[in-house]
Amino acid sequence: MVSLSLQWPLATMSFLLFSLVTLLIVSAPSWCQSSDTTAPEASNGAPFPWNKVRLPEHVIPVHYDLMIHANLTTLTFSGTTKVEITASQPTSTIILHSHHLQISKVTLKKGAGEGQSEDPLRVLEYTPHEQIALLAPEPLLVGVPYTVVIDYAGNLSESFHGFYKSTYRTKKGEVRVLASTQFEPTAARMAFPCFDEPALKASFSIKIRREPRHLAISNMPLVKSVTIAEGLIEDHFDVTVKMSTYLVAFIVSDFKSVSKMTKSGVKVSVYAVQDKINQTEYALDAAVTLLEFYEDYFSIPYPLPKQDLAAIPDFQSGAMENWGLTTYRESALLFDAEKSSASSKLGITMTVSHELAHQWFGNLVTMEWWNDLWLNEGFAKFMEYVSVRVTHPELKVEDYFLGKCFDAMEVDALNSSHPVSTPVENPAQIREIFDDVSYEKGSCILNMVRDYLGADAFKSGIVQYLQKYSYKNTKNEDLWNSIASICPTGGTQGMDGFCSRSQHSSLSSHWRQEGLDLKTMMNTWTLQKGFPLITITVRGRNVHMKQEHYIKGYGDVPETGYLWHVPLTFITSKSDSVHRFLLKTKTDVLILPEEVEWIKFNVGMNGYYIVHYEDDGWDSLTALLKRTHTTISSNDRASLINNAFQLVSIGKLPIEKALDLTLYLKHETEIMPVFQGLNELIPMYKLMEKRDMNEVETRFKAFLIRLLKDLTDKQTWTDEGSVSERMLRSRLLFFACVRKYQPCVQRAEGYFREWKESNGNLSLPNDVTLAVFAVGAQNTEGWEFLYSKYQSSLSSTEKNQIEFALCMSQNKEKLQWLLDQSFKGDIIKTQEFPGILILIGRNPVGYPLAWQFLKENWNKLVQKFDLGSPSITNMVMGTTNQFSTRTWLEEVKGFFSSLKDNGSQLRCVQQTIEIIEENIRWMDKNFDKIRVWLQNENLGL
């Protein structure tokens, strides 16, 4: 699944408009694995025979025969599930999952084939665990096939999960209804009774009943259609491969499609509503190219005859990897050649690549339980960069990877973070780990391993892992064992020296002698939360290294004593080739061949750690940036900016030194250092905006504009240049216009006037549209005109840009109206609500409205978006994590503690409270220093 990631304007706006709300999710409290000792009570008052959240292991599903009949007029569905099972020990109870389904009849057939006698089964339901118990008159025999037949009915879900209703409006204004599925992680049980755990894999034969005017699609190709009655057709789909329940999918709609074949004969199709079918070409071509890439890279053919990609009008996350039928938010799949932005093209390519990577990582080989979700999501996130770098080199995706690691570190630096592999049990806990730690940190540590072992050895290891565990389930250690078997301990055979690293400097002999225990090394990264801070002290030729757990909170946080096996890399003023050193102890020393002026660790930010340079180490690096910043790579420059401000947070570096370092940005032209500078500096004035600090806030904003003035003035108001140049232009002009830099505002006003006079028909350069709209939305007439265009626009990018601009208004009534309307979902879709709430939560006049709305509508929000979901996490963080006063802290604590089981335990609540406490400490310590620093006229700007 792709989560949307919105940390705007806090963090990289790189995929900004690709999905306005990219959900920055944050995750699960360590509630203990539990089972009550008392027997639970079923809904009818009888004792329920099972008291655990996890299903018993002795009844195994083998094959499901599903028949589903959706009625898009009454918004209900009925179905029959026939599931073939076997028992590994005698039992007279069958426990499986069912949620919000009305079960009318259950029977049990013994043996295979037709004509078997059917015994009725008694049904008990235990709703807290979303389970039913089927009670057989006599125990099931071991090893004998049985078939359970369940007739049931349900309502199409009004949320975004299960078998749910979606609607869209045609160009003529007619509302059309469709039904689609989203089962990951625990919602297959809302569409059919099933053994809804990832390790209980089975094959599926699916039949869908529909009206002739509709079309049904599912994981597999259509085999035949049978007319059941007048106006009712039953579509039979081919039997699936063995797979987990969360990957089952079916859609009943009136979508249209376009198709192409891959070189190996897989039919790839993109489905969308008729009015947008002309926006499918880019995704179709990308999907074909990427599927061919993965077949080649993994050396395993894609096992199904077809791969469909469907754009769903209502969709909570970014996309979902259902095997053979991947589903997407429209903005994550549809590309309008005339109106879509550069960031939209990048975002669509990455999302398609992510879901197709899952066809191997996740679908073919699946984690045994959700605690190892990162094996799915970290890998798919990592493979986005591996694949797109090859298939779409012009997108230069490698430039953006380190931004993912910075995002992960933001939450991983908190005491409330969790290890990549972490215990979870109930559905809310499971939903909470679809977060930056599972996705972004997972991908960053994989990137670090690849950099450490070499790309070829790493690839051989993961291919072996996929081949060994195809159609099976795995744990964390299975991955390391597969990769380590390619690199025999201490050995060099087989991989051209990759495992011995003999091709690197002699410093690497430090770990060559000890051999490589990859599992032990990687357990330090996956079984411990957080990441190390490496402190470097240079004494002549001796480089002293020390590691400690980087954790925000100054002295309040207990020392964890964690140690990592850190694959350090560095370059120096005397050598630009990458040197390596594996730090396994708390301290160590390495000896350089000669003394150096400066040393830079974590080359290219390929390692998941941050670095502090003692004594004059930071001064020499700051001097290097001011003198000739291009001596080191743009990623190295971005990582210095990030690390400096991380060190300010824990009192290791004065704020003045970090600000001094950013002054070199006056001469910077590359996207990542500029974005990272904005990501560190903008949050400072965002904190000030929510307090009465106008004078310093105004001066700080003026300083930022002066710092980037030369680069801003150089930007053309066109769509020329590479993707990164275009994204830089879009963000710089938007920033300058919002900060009321007059040359930018005047130009944007001129463009907006022309666009409005043409009734929105004038084609604006895509890269400047956001800035133009943001300026235009500042007066009532412009705001109303933008809103009228929003209603008729068919372009996701344009709609997102307008939405963004509308939320920039300084008119409280307009902001309140946006909250009300997007929550209601008639004119603005409810899927847009989390993004709108977060944007208004970032708005200096809107943030109290956003917080009030969240509090007043909490119960409805949880119903719609699910407790623990990324959307809920984002809304909690987005409305509260820029508060920095004790008054706000107490209000936030008070509200969430009043929720009891309906939210007080969420990890995102613990995280936002930690962040607010950190903001208070940060402002107390640094605000006056910033004020004095700004007064200093020697800034050279």
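All of these numbers come straight from a predicted model, not from anything done at the bench.

Caption draft 1: Spotlight on the environment of Ser-634. Among the structural elements, Ser-634 can be located in helix α12 (residues 634–649). In this structure Ser-634 comes out as buried when scored by relative accessible area, which is 19%. Once the C-alpha coordinates of Ser-634 and Glu-670 are considered, the two residues, 36 residues apart in sequence, prove to be 6.6 Å apart. Once residues within four sequence positions are removed from consideration, Ser-634 is found in contact with Glu-670 and Pro-673.

Caption draft 2: Summary view of the packing of helix α19 (residues 780–792) against helix α20 (residues 796–806). One can describe the packing of α19 onto α20 by two numbers: an axis separation of 10 Å at closest approach and a directional angle of 150 degrees. Classified by the angle between their axes, α19 and α20 sit roughly antiparallel to one another. The element α19 and its partner α20 pack so that their crossing is left-handed. Residue-level inspection shows Trp-783, Leu-786, Tyr-787, Lys-789, Tyr-790 and Gln-791 of α19 in contact with α20, the latter providing Lys-799, Ile-802, Glu-803, Ala-805 and Leu-806. For the contact of α19 with α20, the per-class residue count stands at 7 nonpolar, 1 polar and 3 charged.

Caption draft 3: Representation of the pattern of salt bridges within the structure. Applying the stated criterion across every chain yields a total of 49 salt bridges. A salt bridge links Lys-666 to Asp-710; its shortest N-O distance comes to 3.3 Å. Note that Lys-666 is positioned in the loop between α13 (655–662) and α14 (671–689) and Asp-710 in helix α15 (residues 694–714), a separation of 44 residues in sequence. Among the charged side chains, a salt-bridge network with shared partners connects Lys-381, Glu-384, Lys-404 and Glu-440.

Caption draft 4: Highlighting the confidence of the model for the chain. Within the chain, residue pLDDT values average 91, and 92% of them lie at 70 or more. With pLDDT under 50 throughout, residues 6–36 is counted as low confidence; its partners more than four residues away or in other chains account for 134 contacts. A low-confidence stretch, residues 488–514 stays under pLDDT 50, and its non-local contacts, those more than four residues away or across chains, total 52 contacts.

Caption draft 5: Representation of the state of the cysteines in the model. Overall, the coordinates contain 2 disulfides when judged by the stated rule. A sulfur-sulfur distance of 2.3 Å marks the disulfide that ties Cys-737 to Cys-744. Its torsion about the S-S bond being -95 degrees, the disulfide of Cys-737 and Cys-744 is classed as left-handed. Summarising the burial analysis for this pair, Cys-737 and Cys-744 share the class buried. Its sulfur unpaired, Cys-807 is 18 Å from the next cysteine sulfur, which belongs to Cys-737.

Caption draft 6: Main features of α14. In this model α14 runs 26 Å from its N-terminal to its C-terminal C-alpha over 19 residues, within 8% of the 27 Å that 1.5 Å per residue would give. With 19 of its 19 residues buried, α14 lies for the most part within the structure.

Caption draft 7: Expanded view of the pairing of strand β9 (residues 162–169). Pairing of β9 with strand β10 (residues 175–182) involves 8 bridges; the strand directions are antiparallel. Counterpart to Tyr-164 in the pairing with β10 is Ser-180. Taking the residues that link successive antiparallel strands as the turn, the β9-β10 hairpin has 5 residues, and the phi of Gly-173 there is positive, at about 90 degrees.

Caption draft 8: Highlighting the sheet that holds strand β25 (residues 566–572). A sheet is described by the order of its strands in space; here 3 strands give the open sequence β26-β25-β28, paired in antiparallel fashion. Looking at which strands have only one partner, the edges of the open sheet turn out to be β26 (575–583) and β28 (599–601). Between one strand and the next, the sheet's axes are offset by a mean angle of 25 degrees, whatever the strand orientation.

What counts and what doesn't
- Residues numbered from 1 in each chain as written.
- Predicted model: local features only at pLDDT ≥ 70, side-chain atom pairs only at ≥ 80, totals over all residues.
- Heavy atoms only, no water.
- Helix = DSSP H or I, 4+ residues; strand = E, 2+ residues; numbered from the N terminus.
- Buried < 20%, exposed > 50% of the residue type's maximum accessible area, 1.4 Å probe, protein only.
- Contact = heavy atoms within 4.5 Å.
- Axes fitted to C-alpha atoms, helices over the stretch in contact; angles between N-to-C directions.
- Parallel < 35°, antiparallel > 145°, perpendicular 65-115°, else oblique.
- Left-handed = near helix turned anticlockwise from the far one by under 90°.
- Nonpolar A, V, L, I, M, F, W, Y, C, P; charged D, E, K, R; others polar.
- Salt bridge = Lys/Arg side-chain N within 4 Å of Asp/Glu carboxyl O.
- pLDDT = per-residue confidence, 0-100.
- Disulfide = S-S within 2.5 Å.
- Expected span 1.5 Å × (residues − 1).
- Pairing = 2+ DSSP bridges.

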